[in-house]
Each structure stands twice: as C-alpha cells, then as structure tokens.
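# Secondary and tertiary structure notes
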Amino acid sequence: IIPHRDPFLFVDEIVELEPGVRAHGRWTITGDEWFLQGHFPGNPIVPGVVMVEASAQVAAICALTHPDHQGKFGVFAGIDDVRFAASSARVTSSTW
C-alpha cells in the first residue's frame, strides 16, 4: 500500500481498518533503532518527527485502502500545532 521500507517503515501491522475512515496501526520498537542511538543514551526517546511519520504512514494506509484511492500515491504535506506529552515518547515497552 505504501512504498516505505526499512529503515523508514514505521508500521508493522494494521490492527483495525475502516478504509478511508480510520485505522489502528502497531509498530514494534526493539530499542536498536538508528534514531535511538543518540536520542538519548540510557533514556531512549522516540523523536517527535518519527512519531509524526509513523502516524502519517498509518493514515496513508487508511486512505489508500479506500476504493476511491487504491493505486494512488499519497504524500504527507504537513502538520500544524503538534505537541506530545513527554511520557508518550519514552521507550518503555516494545510496541507503540
């Protein structure tokens, strides 16, 4: 559905999907990801831009599975006024 591949694919599975309406994706974080190596040693935090990209990838899957959009190429154009709670970015479990 989306062209992303490792190391820039941030969706392992789609748990729930209502094409074109809503989707729930899952991504397993091992702790060995390239962006955690220096962000921050001993206190790994997923960068906000990676969380936004992961969300955008799930949204693209949701949109592109709708019959009106199948076979199309979706591009994330931007996002405004996003804030994350500090605890949402900490790597404390294996899935996000």
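Predicted model only: the values in this text are computed from it and were never measured.

### Details of the pairing of strand β2 (residues 22-26)
Successive residues of a regular strand alternate their side chains across the two faces of the sheet. Bridge analysis of strand β1 (residues 13-18) against β2 gives 5 bridges, and the strand direction is antiparallel. By the bridge assignment, Leu-17 is partnered in β2 with Ala-23. The turn joining β1 and β2, which pair antiparallel and follow one another in sequence, is formed by 3 residues; a positive phi near 80° is taken by Gly-20.

### Section: the nonpolar core
Within the largest apolar cluster, 11 residues are counted, these being Phe-10, Trp-27, Ile-29, Phe-35, Leu-36, Ile-45, Val-46, Val-50, Met-51, Ala-54 and Ala-89. Ranked by residues supplied to this core, first place goes to helix α1 (residues 48-64) with 3 residues. Sequence-distant contacts of Ile-45, that is, excluding residues within four places in its chain, are made with Leu-36, His-39, Phe-40, Ala-89 and Arg-90. In this structure, Ile-2, Val-11, Ala-60 and Ile-61 belong to the second largest nonpolar core, which totals 6 residues.

### A look at the packing of aromatic side chains
Summed over the entire model, instances satisfying the criterion amount to 5 aromatic pairs. With centroids separated by 6.1 Å and ring planes inclined at 80°, the aromatic side chains of Phe-10 and Phe-35 adopt a geometry described as edge-to-face. Residue Phe-10 is located in the segment before β1, and its partner Phe-35 is located in the loop between β2 and α1; the two are separated by 25 residues in the primary sequence. We classify Phe-35 as buried; its relative accessible area is 7%. Summarising the aromatic geometry, the rings of Trp-27 and Phe-35 are spaced 6.0 Å apart at their centres and angled 50° between planes, so their arrangement reads as tilted. Comparing Trp-27 with Phe-35 shows no difference in burial state: the two are buried.

Reading the values: rules and limits
Residues numbered from 1 in each chain as written. Predicted model: local features only at pLDDT ≥ 70, side-chain atom pairs only at ≥ 80, totals over all residues. Heavy atoms only, no water. Pairing = 2+ DSSP bridges. Helix = DSSP H or I, 4+ residues; strand = E, 2+ residues; numbered from the N terminus. Core = buried A, V, L, I, M, F, W, Y, C linked by side-chain atoms within 4.5 Å. Buried < 20%, exposed > 50% of the residue type's maximum accessible area, 1.4 Å probe, protein only. Contact = heavy atoms within 4.5 Å. Phe/Tyr/Trp six-rings, centres within 6.5 Å; stacked < 30°, edge-to-face > 60°.

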